[in-house]
Amino acid sequence: MRFMYVLVAEKPMLPNPALREAIHAMADREVKAGRMLDTGALLPRTAGAEVRIKDGKLSVIDGPFMEAKEVVGGYAIFELKDKEEAVARAVEFMQLHLDHMPDWELSCEVRPFM
């Protein structure tokens, strides 16, 4: 089964060097094992655009657009056997953040593909 991890933070932050190294080590292991298919961090919302349908009209709004309480900061796509494995790997990933940057409030949403 394919799963997408969506990283959401109230306050965008960059990982410190120790966390960055730990994430790269985990990602390297997961890629070599054939479990991680893709991953990426996203630039701030100011660099993007929003395509919206509202009141039957389509519009394009360049960033920055309306402030959000939480912002998607990155993603990863995995091929795993089941939800339990997906959650276990997400817990391991989030533990790296807790170990290296305990003040960073961040969530990892685990979603299976249809």
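Before any of the text, the structure's been laid out above.
Because the structure is a prediction, the values reported are computed rather than measured. (Residues numbered from 1 in each chain as written. Predicted model: local features only at pLDDT ≥ 70, side-chain atom pairs only at ≥ 80, totals over all residues. Heavy atoms only, no water.)

**Observations regarding the overall build of the protein**
Turning to step 1, where the next piece is worked out: Within the protein, the secondary structure is distributed over two helices and six strands.
Turning to step 2, where the next piece is worked out: Its helices and strands in sequence order give the protein the pattern β-α-β-β-β-β-α-β, from N to C terminus.
Turning to step 3, where the next piece is worked out: When each of the 114 residues of the protein is scored for burial, the buried share is 27%.
Turning to step 4, where the next piece is worked out: Taking all contacts inside the protein whose residues are at least 6 apart in sequence as the whole, residues at least 24 apart take part in 77%.
Turning to step 5, where the next piece is worked out: Charge centroids of the protein, computed over 15 positive and 19 negative side chains, lie 3 Å from each other. (Helix = DSSP H or I, 4+ residues; strand = E, 2+ residues; numbered from the N terminus. Buried < 20%, exposed > 50% of the residue type's maximum accessible area, 1.4 Å probe, protein only. Contact = heavy atoms within 4.5 Å. Lys, Arg positive; Asp, Glu negative; His and termini not counted. Charge placed at Lys NZ, Arg CZ, Asp CG, Glu CD.)

**Things to note about the environment of Ala-90**
Turning to step 1, where the next piece is worked out: Checked against the element boundaries, Ala-90 lands in helix α2 (residues 83–100).
Turning to step 2, where the next piece is worked out: In the structure, Ala-90 is positioned 20 residues away from Val-110 in sequence and 7.4 Å away in space, judged by C-alpha atoms.
Turning to step 3, where the next piece is worked out: Look past the residues within four positions of Ala-90 in its chain and what remains in contact with it is Tyr-5, Cys-108 and Val-110.

**Considerations on a negative patch on the surface**
Turning to step 1, where the next piece is worked out: Among the surface-exposed residues, Glu-10, Glu-70, Asp-103 and Glu-105 lie close enough to one another that they form a single negatively charged patch.
Turning to step 2, where the next piece is worked out: Note on placement: Glu-105 falls in the loop between α2 and β6 (106–112). (Patch = residues over 30% accessible without salt bridge, like charges linked within 9 Å, V, L, I, M, F, W, Y side chains within 5 Å. Areas by Shrake-Rupley, 256 points an atom, 1.4 Å probe, with all protein chains shown as cover. Salt bridge = Lys/Arg side-chain N within 4 Å of Asp/Glu carboxyl O.)

**Considering the environment of Lys-83**
Turning to step 1, where the next piece is worked out: With respect to the secondary-structure elements, Lys-83 resides in helix α2.
Turning to step 2, where the next piece is worked out: For Lys-83, a relative accessible area of 54% translates into the label exposed.
Turning to step 3, where the next piece is worked out: Residues Lys-83 and Ile-61 lie 22 residues apart in sequence; the distance between their C-alpha atoms is 36 Å.

**A closer look at the pairing of strand β3 (residues 49–54)**
Turning to step 1, where the next piece is worked out: Summarising burial for β3: zero of the six residues are buried, a small minority.
Turning to step 2, where the next piece is worked out: Of the pairings in the sheet, the one linking β3 to strand β4 (residues 57–62) comprises six bridges and is antiparallel in character. Residue Ala-49 lies in a different strand from β4, and its bridge partner there is Asp-62.
Turning to step 3, where the next piece is worked out: The antiparallel hairpin formed by β3 and β4 contains two residues in its connecting segment, where Asp-55 sits at a positive phi of about 55°. (Pairing = 2+ DSSP bridges.)

**Regarding unusual backbone geometry**
Turning to step 1, where the next piece is worked out: Phi at Asp-55 is positive, roughly 55°, even though this residue is not glycine.
Turning to step 2, where the next piece is worked out: Assignment of secondary structure puts Asp-55 in the loop between β3 and β4.
Turning to step 3, where the next piece is worked out: Residue Asp-55 is classed as exposed on the basis of its relative accessible area, which comes to 72%.

**Focus: the sheet that holds strand β2 (residues 36–41)**
Turning to step 1, where the next piece is worked out: The sheet built from four strands is open, its strands ordered β2-β5-β1-β6 with antiparallel pairing. Each end of this open sheet is capped by a strand with a single partner; those strands are β2 and β6. Each strand of the sheet is rotated relative to its neighbour by a mean of 15°, with strand direction disregarded.
Turning to step 2, where the next piece is worked out: Of the strand pairs in this sheet, strand β1 (residues 2–9) and β6 are connected by seven bridges, and their pairing is antiparallel. By the bridge assignment for β6, Val-8 is matched with Ser-107. (Axes fitted to C-alpha atoms, helices over the stretch in contact; angles between N-to-C directions.)

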